[in-house]
Amino acid sequence: MIKRYSYSPIIDTGAVVKNIPLSEGSPTPFILTGDGAFVYHMSDKCRIYGLGEATRGINKRGWIYDGWCTDEPLHTEDKRALYGAHNFILFDGEDRFAAFFDIPGKITFDLGYTESDTAVITPESFNLELYIVTGDSLKDIVSQFRALIGKSYMPPKWAFGYGQSRWGYVKEEDIRSCADRYTDAGIPLDMIYLDIDYMDRFMDFSVSSERFPDLEAFAAEMKSRGIRLIPIIDAAVKKLDGYSVYDEGHEQGYFCKDADGKDFVVGVWPGMSVLPDFLDPEASRWFGMQYKALTDIGIEGFWNDMNEPALFYSEKALNNAIEELKNKSDISLDALNFFGLRDTMNRLQNSPDDYKSFYHNAPEGRFRHYDVHNLYGYKMTKSAFDALTELRPDEPSLLFSRASYIGAHRYGGVWTGDNHSWWSHILQSLQQMPGLNMCGFLYSGSDIGGFGGNCTRDLLIRWMSFAVFTPLMRNHAAFGTRSQEAFAFGDTEVFRHIIELRYRLIPYLYKSFVKAVESDGMFFRPLAFDYEDDGIAATVEDQLMVGDSLMIAPIYRQNAVARHVYLPEDMRLIRMSKGDISTEELNKGWHYVSVPMGDVVFFAKSPIPFAPPAMNTSELQWENLETL
Ligand code: MIG
């Protein structure tokens, strides 16, 4: 059952697609306090699931989180928010219920952080609709919620292949040689991603003619090899007279405005830039139609970045900071002054003051960005999805985004942004997946090998062994970091076997994915969801159910060659070792399972179809498969 409580919503976020009558009275079991917080007293056994891609465990209890889309480049444990605002939270204790806080502004979830037995959820404003969902089981609650927010995005089949990305492939030849090295090593590959360097001066929908002289021909060349090119699109548009995207948007009034009604100018990759107003349906449609420049030359998918929106600085704040620095230029630089200067510069990035200084022109009226901040990346994804559906009506396009809000799950997937080449981030990624799935984001994955920092061969092997199971399987790294492609560490055999295993499992993974979409279900589930009466299953933080038949328990510690695995029922262990598959029956309970470097081990409840190895998804056999 779903109950809806309406406070003072001033804008329809569009997150919800189903009509639910308004409920009177108080939103039990929460108590709404006089100072505007929703409070719930938790029993000792109460566990908390949800919050999408938030950091920390599968069970979110014990920390404090913000629903606030944040360009956060360092995903350490102390962070309260990443790129998505996914305000769905499920309590499993004396009471079992979920709550969705549909609020486009900021909200804080103190989940036993201040007081360990109390959850205090505080919206910054009451521009809010609250949905309380109760049901027969954890799965039932989630699927009712998912029916409320509408069917998840369904990517093309080839998007289940493996993709290679790197910020730093700057020219055609870098991409071609990446493809060649995969081909030479016999490693399957379906996609190579183009990061901002393919553009001319970081201008959206432009292509550098120097570095990619004929992208259309090059995309066709790659496609004939079974590899699709997937370019990035950034939210901000370079402010440059003579650049048609800027000129048109400026003339039509499609960019966000400052208090005086002038285009609000920010600094991002292209330098001085302006922000398309994705809350204005006309502007949104106009921006979406710009993707045509790339779909016309054969591009079939995109990733949308910097759409929190990420701001390095605003023109106004930068000028103020420069003034401040000038005023301080004649003082002696003692330590405090030094730190003060440094903070002045640091504060420029993604500053709340800037978010308070520009405005959207939505159908309901004019809104200060800060008050509707969390809708920006979501509406950018919708803009692209709507246009791509029109531009390429016959086939789905690949689309995923960095920033998101619930609602965006209908239009694209998400990747989990700028993680690091750290062992802890394999586990972090595993723990993000079920939360994302609850919120409808099924097509997701993390940068394999880690985005920031330097990857090592063993880290890449273990990370990839987990990512074999994530719908989005993409290796991506930051500019200036050590190479971490499957061919970068000398011996390629081990990577060939792991990626080959992914392809062998695609029929199972794809079918499970489709089922999750169609049934409003979860592709990845915490064990607690499938084994509600099993007290141990509910405590397992490093294993997941994948589809109806599989369970995974990856290695995520440096130099570990075995780990404890909990089997909530009798299962078969499936082991891929040097390309060979073997199975072994195991009984319910704890096992210490050995996983030598390069082996991939997972667990099955029922027979699993295996396709023969293939070099890409178009060569993949989907029917009449061997089951193991
Ligand atoms: O400020 O386009 O998360 O995947 O490689 C960094 C460059 C901008 C952030 C994305 C990352 C991408 C990078 N971008």
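Computed from a predicted model, the values in this text were never measured in an experiment.

## Observations concerning the overall build of the chain
Along the backbone of the chain there are 15 helices and 37 strands. Expected size for 628 residues packed as a compact globule is a radius of gyration near 25 Å; at 24 Å, the chain falls within 12% of this value. On the principal axes, the C-alpha backbone points of the chain span a range of 70 × 65 × 60 Å. Taken over 628 residues, the chain has a buried fraction of 63%. About 23,000 Å² of surface is accessible on the chain, with carbon and sulfur atoms providing 49% of the total. Computed over 61 positive and 89 negative side-chain charges, the separation of the two mean positions in the chain equals 2 Å.

## Focus on the pattern of salt bridges
The tally for this structure, following the rule as stated, stands at 39 salt bridges. For Asp71, the salt bridge goes to Arg402, with nearest N and O atoms at 3.3 Å. Of this pair, Asp71 sits in the loop between strand E5 (64-67) and strand E6 (84-85) while Arg402 sits in the loop between strand E22 (398-401) and strand E23 (404-405), placing them 331 residues apart in sequence. The class for Asp71 is buried, based on a relative accessible area of 12%. With a shortest N-O distance of 2.8 Å, Glu493 and Arg496 are connected by a salt bridge.

## Digging into the site of the ligand
Around the ligand lies a shell of 13 residues, among which Asp195, Asp305, Arg402, Asp418 and His476 are the nearest. In this structure, Trp269 approaches the ligand through a side-chain N or O atom, which is 3.0 Å from an oxygen atom. Arg402 is positioned such that a nitrogen or oxygen atom in its side chain is 3.0 Å from an oxygen atom of the ligand. For the ligand, whose free accessible area comes to 350 Å², the fraction covered by protein is 95%. Residues belonging to the shell around the ligand are distributed by class as follows: eight nonpolar, one polar and four charged.

## Quick look at the pairing of strand E35 (residues 600-604)
Where burial is concerned, most of E35 is hidden: five out of the five residues are buried. Alignment of strand E30 (residues 550-552) against E35, held across three bridges, turns out to be antiparallel. Residue pairing for E35: Leu550 is matched across the bridge by Ala604. Where strand E32 (residues 571-577) meets E35, five bridges bridge the pair, whose relative direction is antiparallel. Bridge pairing links Arg575 to Val601 in E35.

## Here we look at unusual backbone geometry
Here Thr28 and Pro29 are connected by a cis peptide whose omega angle stands at 5 degrees. Tracing the chain through its elements places Pro29 in the loop between strand E1 (2-6) and strand E2 (31-32). In this structure, the amide linkage connecting Glu308 to the following residue, Pro309, adopts the cis form with an omega of -5 degrees. Of note, the phi angle at Arg56 is positive, near 70 degrees, even though the residue is not glycine. Assignment of secondary structure puts Arg56 in the loop between strand E4 (47-50) and E5. Owing to a relative accessible area of 25%, Arg56 belongs among the partly exposed residues under this scheme. Even without being a glycine, Met306 presents a positive backbone phi close to 60 degrees. Its place among the elements puts Met306 in the loop between strand E18 (301-305) and strand E19 (313-314).

## Things to note about the packing of helix H5 (residues 281-289) against helix H11 (residues 376-391)
Between H5 and H11, whose axes approach to 8 Å, the crossing angle comes to 60 degrees. In this view, H5 runs oblique relative to H11, as classed from their interaxial angle. For the crossing formed where H5 meets H11, the hand is right-handed. Only Lys379, Met380, Ser383, Ala387, Glu390 and Leu391 of H11 make contact with H5, whose side of the interface consists of Ser284, Arg285, Phe287, Gly288 and Met289.

## Describing the nonpolar core
Generally speaking, soluble globular proteins have nonpolar side chains that are buried together. One finds Phe88, Tyr162, Leu229, Leu398, Phe469 and Phe602 to be the most contacted residues of the largest nonpolar core, which totals 170 residues. The contact partners of Phe88, leaving out residues within four places of it in the chain, are Tyr49, Gly50, Leu51, Ala98, Ala99, Phe100, Val142, Phe145, Ile406, Met438 and Cys439. One finds Cys46, Ile107, Ala119 and Leu128 within the second-largest nonpolar core, a separate group that totals 26 residues.

## A word on the sheet that holds strand E12 (residues 162-164)
With parallel pairing, nine strands are arranged side by side in an open sheet as E25-E24-E22-E18-E14-E13-E12-E27-E26. The open sheet has two free edges, formed respectively by strand E25 (444-445) and strand E26 (447-448), since each of these has just one partner strand. Note that strand E13 (residues 191-194) and strand E14 (residues 228-234) share four bridges and pair parallel. From the neighbouring strand, Tyr193 faces E14, where its bridge partner is Ile230.

## Structural notes on the state of the cysteines
The tally for this structure, following the rule as stated, stands at zero disulfides. Among the cysteines around Cys46, which has no disulfide bond, Cys439 carries the closest sulfur, lying 17 Å off. Judged by relative accessible area, Cys46 falls into the buried class, the value being 2%. Looking at the unpaired Cys256, the closest cysteine sulfur is the one in Cys69, lying at 14 Å. Note on Cys256: relative accessible area 0%, which makes it buried.

## Details of the side chain of Arg410
Looking at the secondary structure, you find Arg410 in the loop between E23 and strand E24 (413-415). We note that Arg410 is buried and unpaired, the nearest opposite charge coming from Asp12 at a distance of 8.1 Å. A polar atom in the side chain of Arg410 sits 3.1 Å from the backbone oxygen of Ala15. Leaving out residues up to four positions away in the same chain, Arg410 has contacts with Gly14, Ala15, Val17, Ile149, Gly150, Lys151, Ser152, Tyr153, Tyr378 and Phe385.

## Overview of the environment of Gln164
Within the element layout of this structure, Gln164 appears in strand E12. Sequence separation between Gln164 and Ser397 is 233 residues, and the spatial gap between their C-alpha atoms is 18 Å. Filtering out sequence-adjacent residues up to four positions away, Gln164 remains in contact with Tyr169, Cys178, Tyr182, Leu189, Met191, Ile192, Tyr193, Asn475, Glu485 and Ala486. Within the structure, the side chain of Gln164 is placed 3.4 Å from the backbone oxygen of Asn475, a separation counted as a polar contact.

## Side note on H5
Restricting attention to buried positions, one finds in H5 the residues Ala283, Ser284, Trp286, Phe287 and Gly288. Where the residues of H5 are buried, they touch E14, strand E15 (237-238), helix H4 (244-252), helix H6 (292-295) and H11. Looking at where H5 begins, the residue whose side-chain oxygen comes 3.0 Å from the main-chain nitrogen of Glu282 is Asp280.

## A word on the packing of helix H13 (residues 457-467) against helix H14 (residues 493-518)
A pair of packed helices can be characterised by two numbers: the angle between their axes and the separation between those axes. Across the interface, H13 lies against H14 with an axial gap of 9 Å and an inter-helix angle of 10 degrees. Taken together, the axis directions place H13 and H14 in an arrangement best described as roughly parallel. On H14, the residues that touch Arg457, Leu460, Ile461, Met464, Ser465 and Ala467 of H13 are Val494, Phe495, Ile498, Ile499 and Arg502. Split by residue class, the contact of H13 with H14 holds eight nonpolar, one polar and two charged.

Quick notes on the rules
- Residues numbered from 1 in each chain as written.
- Predicted model: local features only at pLDDT ≥ 70, side-chain atom pairs only at ≥ 80, totals over all residues.
- Heavy atoms only, no water.
- Helix = DSSP H or I, 4+ residues; strand = E, 2+ residues; numbered from the N terminus.
- Rg over C-alpha atoms; globule rule 2.2 N^0.38 Å.
- Buried < 20%, exposed > 50% of the residue type's maximum accessible area, 1.4 Å probe, protein only.
- Areas by Shrake-Rupley, 256 points an atom, 1.4 Å probe, with all protein chains shown as cover.
- Lys, Arg positive; Asp, Glu negative; His and termini not counted.
- Charge placed at Lys NZ, Arg CZ, Asp CG, Glu CD.
- Salt bridge = Lys/Arg side-chain N within 4 Å of Asp/Glu carboxyl O.
- Near = heavy atom within 4 Å.
- Polar contact = N/O pair within 3.5 Å; in protein donor to acceptor, adjacent residues only side chain to side chain.
- Nonpolar A, V, L, I, M, F, W, Y, C, P; charged D, E, K, R; others polar.
- Pairing = 2+ DSSP bridges.
- Axes fitted to C-alpha atoms, helices over the stretch in contact; angles between N-to-C directions.
- Parallel < 35°, antiparallel > 145°, perpendicular 65-115°, else oblique.
- Left-handed = near helix turned anticlockwise from the far one by under 90°.
- Contact = heavy atoms within 4.5 Å.
- Core = buried A, V, L, I, M, F, W, Y, C linked by side-chain atoms within 4.5 Å.
- Disulfide = S-S within 2.5 Å.

These figures capture arrangement, not role.
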